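# Coordinates in review
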Amino acid sequence: MNVDPWALCEVLAEPAEARGAVLLHFLDGFMDAGQAGRGVVDHLFKTCEHTPVASFDVDQLIDYRSRRPNLTFSIDRWSDFEAPQLVVYLMRDASDKPFLLLSGPEPDFAWERFVDSVEDLIEHWHVPLTLGFQGIPMGVPHTRPLGMTVHATRPELVFDNRPVFNEVTVPGNAAGLLEYRLGESGRDAIGLSVHVPHYVMQMTYPAASMRLLEGIREATGLDLPTDEELELERAQVDSDIAEQVAESDEVADVVKTLEEQYDSFTEAAEADEMLQDGRMPTADELGAAFETFLAERQKGEDDK
């Protein structure tokens, strides 16, 4: 049965700025450790001008009994209904450059029709790049720089990436399916997954949102505004975590073990970096590596 994907989506406005704009997307409902992706969306709404330009028919996409929207009762009547919204907004960055943001609940139904509708919007507005973002839990310490897994529909779009997975199968999600289908269609799409310490995955972790914002800036060239409030929240959360670690020897031991594992992985990756991407080391690099090896070997013999 062929169903018109436009039956799921209504274009609310046709601003000229939407044509050729980058599309960012974040869907609530799947994995978002530390509320990293949600923090990015909240930051963008707080700091960027935004106007709705397209809306999806949530009655066809959302299971209301699974995620019941709030109804407000006042004295003797129902006074308000918080209807779910899945909307594309036109936004502007700090340099007044336009971009698009798709935000709302992840569809429960009709994923393929939803993806087709998003693709139709991408074609309609000549979107050159689509980018999704989220937080994923990892066995890493909060005391080290947050890593990020970058994936894309073309190898040339992948940047700043030190792979931690060879191959892994995860539960399906609409955002992942969108990126996959865009790749099949030959369109450019990027996904950013920031590595959030697993022991803080249930709390709001602003440092992860800030890391995603850095990645979005690098991937798209958007001049996304900074936010002093977000930095203050990050500092407060880091202080709270440090206090909890100091009060528990058990937690401190876990963090120390993760630090040792992280440092070992980083050192091994840096040692192997000369061979990354098939690049052969230069003579100078080989010489420096050999001198380091000899020095460490000599030091080991002197310590005997």
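Structure: above.
All of these numbers come straight from a predicted model, not from anything done at the bench.

So, how was this worked out
Residues numbered from 1 in each chain as written. Predicted model: local features only at pLDDT ≥ 70, side-chain atom pairs only at ≥ 80, totals over all residues. Heavy atoms only, no water. Pairing = 2+ DSSP bridges. Helix = DSSP H or I, 4+ residues; strand = E, 2+ residues; numbered from the N terminus. Axes fitted to C-alpha atoms, helices over the stretch in contact; angles between N-to-C directions. Expected span 1.5 Å × (residues − 1). Buried < 20%, exposed > 50% of the residue type's maximum accessible area, 1.4 Å probe, protein only. Contact = heavy atoms within 4.5 Å. Polar contact = N/O pair within 3.5 Å; in protein donor to acceptor, adjacent residues only side chain to side chain. Parallel < 35°, antiparallel > 145°, perpendicular 65-115°, else oblique. Left-handed = near helix turned anticlockwise from the far one by under 90°. Nonpolar A, V, L, I, M, F, W, Y, C, P; charged D, E, K, R; others polar.

With that settled, the discussion passes to the sheet that holds strand β1 (residues 9-11). As summarised here, the arrangement of the eight strands in space is β1-β3-β6-β7-β2-β8-β10-β9, forming an open sheet in which the pairing is mixed. Sheet topology places β1 and β9 (148-152) at the edges, where each strand pairs with a single neighbour. Within this sheet the neighbouring strands show an average axis-to-axis angle of 25 degrees, counted without direction. Pairing of β9 with strand β10 (residues 189-197) involves five bridges; the strand directions are antiparallel. Residue V150 lies in a different strand from β10, and its bridge partner there is L192.

Quick look at helix α1 (residues 36-47) now. Counted at 1.5 Å a residue, the expected span for α1 with its twelve residues is 16 Å, and the 17 Å between its end C-alpha atoms agrees. Residues of α1 that are buried include every one of A36, G37, G39, V40, V41, H43 and L44, and no others.

Bringing the pairing of strand β5 (residues 77-81) into the picture now. Across four bridges, strand β4 (residues 71-74) lies against β5 in antiparallel orientation. Residue pairing across strands places S74 opposite R77, the latter belonging to β5.

Bringing the environment of T204 into the picture now. Of note, T204 is situated in the loop between β10 and α4 (206-220). Residues T204 and G34, 170 residues apart in the sequence, show an inter-C-alpha distance of 4.8 Å. In contact with T204, other than residues within four places in its own chain, are G34, Q35 and V237. Here Q35 takes part through its side chain, which lies 3.2 Å from a polar atom of the side chain of T204.

Contact geometry of helix α2 (residues 111-124) with helix α3 (residues 174-184) gives a least axis separation of 10 Å together with a crossing angle of 55 degrees. Classified by the interaxial angle, the pair formed by α2 and α3 is oblique. As for the relative orientation of α2 and α3, their crossing is right-handed in sense. Here W111, E112, V115, V118, E119 and I122 of α2 lie close against α3, whose contacting residues are A174, L177, L178, R181 and L182. Grouping the constituent residues of the contact of α2 with α3 by class yields eight nonpolar, no polar and three charged.

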